[in-house]
Every structure is written in C-alpha cells, then in structure tokens.
Amino acid sequence: MEPEELLNIIKGRRSVRSFLEKKIPDEHLKLIMEAGIWAPSGSNIQPWQFVLVREPELIRKIKLVSPGLFGNPDALVVACVDRNRYERAGKLGYTLSLMDVSMAAQNMMLMAYSLGIGSCPIASFSKLALKEILGLPDNFEPVLMISLGYPEKWPSPPERRPLSEVVYVDGYGKHYRG
Amino acid sequence: MVTESIIEDEHFKLLTFLIVSARGCVEEPPIYGPLRLIDAAEKLIALMDKMGKADESLREIMKTIHERKFSVMKDEAEFIKLLDELVLKISRIIKEAR
Ligand SMILES: Cc1cc2nc3c(=O)[nH]c(=O)nc-3n(C[C@H](O)[C@H](O)[C@H](O)COP(=O)(O)O)c2cc1C
C-alpha cells in the first residue's frame, strides 16, 4: 500500500450522524471487530470488552439513553474497560485502559471507513443506564460507543489545528515547519 | 387492542432524553447544555407536528435546528449565531400571535 492511501483513509474517516436503512454484512462487522482487537495495549493487557449490538429494538433502547447518538445506525459497538484486567497494570491501569480502548476504537472506525461504512465515536451516553440495559457486570465500564452504518452522506471535514501549531521540534518553543 | 411499546412513544422518548441529558450535562462541556436543549426543541416540534400542532414557521425552526446543530462541534460562534436566529424566529411567532 502507498503511504498516501493510508493517509487518505485516516483523513477521509468522518463522524457520521445520519445513516441509510441498510444492513452491514456480518463478515464486514467481523473485520471491524478484528481490527479493534489488533490495537496495541499497555503491557498487552487488552483491557477491553466489546458488546456488538445488532438487535434493532435494543439499539432503539440504547438511543433513548444516549443524547450523543445521532441518526439510526445499523449496529453499535459498546466498548468497555474491564476492571479485572486493567487493575493488573497497577495505579496507572485505568488511565492506560482508556488509551488502549481508544486505539481499538480508531482501528475499528478506520476499518469501517475502508469498507464504505460510516461510524461515530460516542461518549455522551449514560453509563449507568447502559449497564442496566445491557446487563453488564460490575467490572465492565462502558466508556465509548461506536455507531456503524452506511452514511446518508459523508459530512465535510471539521478543521484541524495546523501541524505548525501542535508540533514542536526538539523541545518546547520551536514550531514544526515541515 | 394494539398497545404501542412505551419505548416507541414520542413523549416518552423526549422524557428520557431530558432526564439522561440532565445527568450528562453535569460533566459534559458547558456548550453541550445548549445543544441538548436545542435538540430537545427539535424533537418537541417533531412531536407537535405529528399531533397537528406545528405550522410552517415551527417546521422551519425544526429544519434549521436539524441542519445546523452540529456546528457546535465545528464552530462555536456559528452555533451561538444559530441560537440567536432561533430566538428571533420564535420571538416573531410570539409577536404576531393573537
Ligand atoms: C472521545 C470522543 C467522544 C465523542 N463523543 C461524541 C458524541 O457523544 N456524539 C457525537 O456526535 N460525536 C462525538 N464525537 C465525535 C467528535 O465530535 C468528532 O470526532 C469531531 O467533531 C471531529 O470530527 P470527525 O470525527 O468527523 O473528524 C466524539 C469523539 C471522540 C474522540
């Protein structure tokens, strides 16, 4: 693969908030989930647990307790961190687990995009309500949802802060001029 | 008699949205408070429309919210401009009411 191809996938992924009523094939969902578990994790602890939600009625129920979930996605991935796993990483375990699960989420969204599937990371939902509705055990904390579906349209990209503002070279102060 | 599930009831949907949003707003970015309110307003107009209570001017407000609410994630100043426009639109409805 040309490096530009990967950059185009990274740049082209958008947060999609309106979806067509069209089913995602099972094999594509599997690819998306597989991309998730191949993310790196601190000490390879893999603190994640995912709930893949496909049942339309359950998606409707989850939508009721998720103000940040827009549109009607075909599937949802509820990404959880598992206390029983991240505690093994000591005091930093929880913080690291959030990093780990975020990397998994990005992998999934990029895989989705490469399959023509739109996604949106969603943190605005009630953890309490979601735990109740999905019957999650106490050690599972849902931290991020990913909605998945074919986009009604791909939104225009929100601006990014330029490299020259966010990157310093060899210490603070010297802005990257790349 | 066919009884509709409570989760399909439009009033119930709005109710849960309000309760869950109230809790979410405790920790979320302050500008998401206005977003949730305006989102609830859009849902309320949709509900009024279903009940035959929304006229063209209310439907116009609903459409404006639907099309521009996500500016909150792109351009906060643009989002606040939208809120001002909505206040003006609703004020005109109030002014012209008899
Ligand atoms: C941790 C995290 C939480 C997010 N939560 C939400 C959310 O609850 N609802 C939503 O519509 N978008 C959410 N987003 C999406 C962002 O608004 C979006 O990524 C940002 O505006 C940039 O747009 P882009 O993803 O299209 O590049 C979230 C993104 C991240 C990374």
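Here, every reference points to the structure presented above.
Read on for an overview of the structure. Because the structure is predicted, anything quoted here is derived from the model rather than measured. (Residues numbered from 1 in each chain as written. Chains lettered and ligands numbered in written order. Predicted model: local features only at pLDDT ≥ 70, side-chain atom pairs only at ≥ 80, totals over all residues. Heavy atoms only, no water.)

### Some points on the overall build of chain A
So, point 1. Check the secondary structure of chain A and you find seven helices and four strands.
So, point 2. The order of α-helices and β-strands along chain A, N terminus first, is α-α-β-α-β-α-α-β-α-β-α.
So, point 3. Computed over C-alpha atoms, the radius of gyration of chain A comes to 18 Å, within 12% of the 16 Å expected from 2.2 N^0.38 for 178 residues, which places it in the range of a compact globule.
So, point 4. With respect to the three principal axes, the spread of C-alpha positions in chain A is 50 × 45 × 30 Å.
So, point 5. Each of the 178 residues in chain A was classed as buried or not, and the buried ones make up 41%.
So, point 6. Looking at chain A as shown, the accessible area adds up to about 10,100 Å², and 54% of this sits on carbon and sulfur atoms. (Helix = DSSP H or I, 4+ residues; strand = E, 2+ residues; numbered from the N terminus. Rg over C-alpha atoms; globule rule 2.2 N^0.38 Å. Buried < 20%, exposed > 50% of the residue type's maximum accessible area, 1.4 Å probe, protein only. Areas by Shrake-Rupley, 256 points an atom, 1.4 Å probe, with all protein chains shown as cover.)

### Topic: the overall build of chain B
So, point 1. When helices and strands are counted, chain B shows four helices and zero strands.
So, point 2. Taken from N to C terminus, the helices and strands of chain B fall in the order α-α-α-α.
So, point 3. Along the longest, intermediate and shortest principal axes, the C-alpha atoms of chain B span 50 × 40 × 20 Å.
So, point 4. Relative to its full complement of 98 residues, chain B shows a buried share of 32%.
So, point 5. Pairs at least 24 residues apart make up 54% of the contacts formed inside chain B by residues separated by at least 6 positions.
So, point 6. As displayed, chain B has an accessible area near 6,600 Å², and 62% of this comes from carbon and sulfur atoms.
So, point 7. Side-chain charges in chain B split into 16 positive and 19 negative, and the spacing between the mean points of these groups amounts to 3 Å. (Contact = heavy atoms within 4.5 Å. Lys, Arg positive; Asp, Glu negative; His and termini not counted. Charge placed at Lys NZ, Arg CZ, Asp CG, Glu CD.)

### Some remarks on empty space enclosed by the protein
Residues and elements named next belong to chain A.
So, point 1. Applying the stated criterion across every chain, the model contains one cavity of 30 Å³ or more.
So, point 2. Lining the largest cavity, in full, are Gly42, Ile45, Pro47, Tyr86, Ala89, Gly93, Leu96, Ser97 and Asp100.
So, point 3. Here the element with the most residues in the lining of the largest cavity is helix H5 (residues 93-114); it accounts for four residues.
So, point 4. Residues belonging to the lining of the largest cavity are distributed by class as follows: five nonpolar, three polar and one charged. (1 Å grid on protein atoms, 1.4 Å probe; cavity = no way out; pocket = protein on both sides within 12 Å on 5 of 7 lines; lining within 4 Å. Points joined across faces, edges and corners; volume = space filled by probe spheres on them. Nonpolar A, V, L, I, M, F, W, Y, C, P; charged D, E, K, R; others polar.)

### What to know about the interface of chain A and chain B
Where interface size is given, it is often the accessible area lost as the parts come together that is meant.
So, point 1. Taken residue by residue, the interface counts 13 residues in chain A and 16 residues in chain B.
So, point 2. Buried area between chain A and chain B, summed over both chains or domains, comes out near 1,200 Å², and the portion from carbon and sulfur atoms is 68%.
So, point 3. Counting the surface chain A buries against chain B, the share from its top three residues, Leu64, Pro67 and Phe70 of chain A, is 50%.
So, point 4. At the junction of chain A and chain B, the tally comes to one salt bridge.
So, point 5. For Glu8 of chain B, the salt bridge is made with Arg60 of chain A, and the minimal N-O distance between the two is 2.8 Å.
So, point 6. For the pair chain A and chain B, the interface holds six residue pairs in polar contact (both at pLDDT 80 or more).
So, point 7. Tallied by class, the residues present in the side of chain A that touches chain B amount to five nonpolar, four polar and four charged. (Buried area = accessible area lost by both parts, 1.4 Å probe. Salt bridge = Lys/Arg side-chain N within 4 Å of Asp/Glu carboxyl O. Polar contact = N/O pair within 3.5 Å; in protein donor to acceptor, adjacent residues only side chain to side chain.)

### Concerning the nonpolar core
All names here are of chain A.
So, point 1. Core analysis: the biggest nonpolar cluster contains 18 residues, and Val53, Ile62, Leu76, Val78, Leu130, Leu134 and Met145 have the highest contact counts within it.
So, point 2. Looking at this core, the elements with two or more residues in it are helix H3 (56-64), strand S2 (75-82), strand S3 (118-122), helix H6 (127-134) and strand S4 (140-149).
So, point 3. Leave out the neighbours within four places in its chain, and Leu134 touches Val51, Val53, Leu58, Ile62 and Val78. (Core = buried A, V, L, I, M, F, W, Y, C linked by side-chain atoms within 4.5 Å.)

### Points about a nonpolar patch on the surface
Residue and element names in this part refer to chain A.
So, point 1. Nonpolar side chains collect at one region of the surface, where Met1, Leu6, Leu7 and Ile10 lie side by side and expose about 400 Å² of accessible area between them.
So, point 2. Along the polypeptide, Met1 turns up in the segment before helix H1 (3-12).
So, point 3. Taking the relative accessible area as the measure of exposure, Met1 reaches 71% and is therefore exposed. (Patch = residues over 30% accessible without salt bridge, like charges linked within 9 Å, V, L, I, M, F, W, Y side chains within 5 Å.)

### Some remarks on the packing of helix H2 (residues 26-37) of chain A against H5 of chain A
Residue and element names in this part refer to chain A.
So, point 1. In contact at an axis separation of 7 Å, H2 and H5 are set at 145° when each is read in the N-to-C sense. Seen along the crossing, H2 lies across H5 with a hand that is right-handed. Seen from H2, the contacting residues are Leu31, Ile32, Met33, Ala35 and Gly36; seen from H5, they are Ala104, Asn107, Met108, Met111 and Ala112. (Axes fitted to C-alpha atoms, helices over the stretch in contact; angles between N-to-C directions. Left-handed = near helix turned anticlockwise from the far one by under 90°.)

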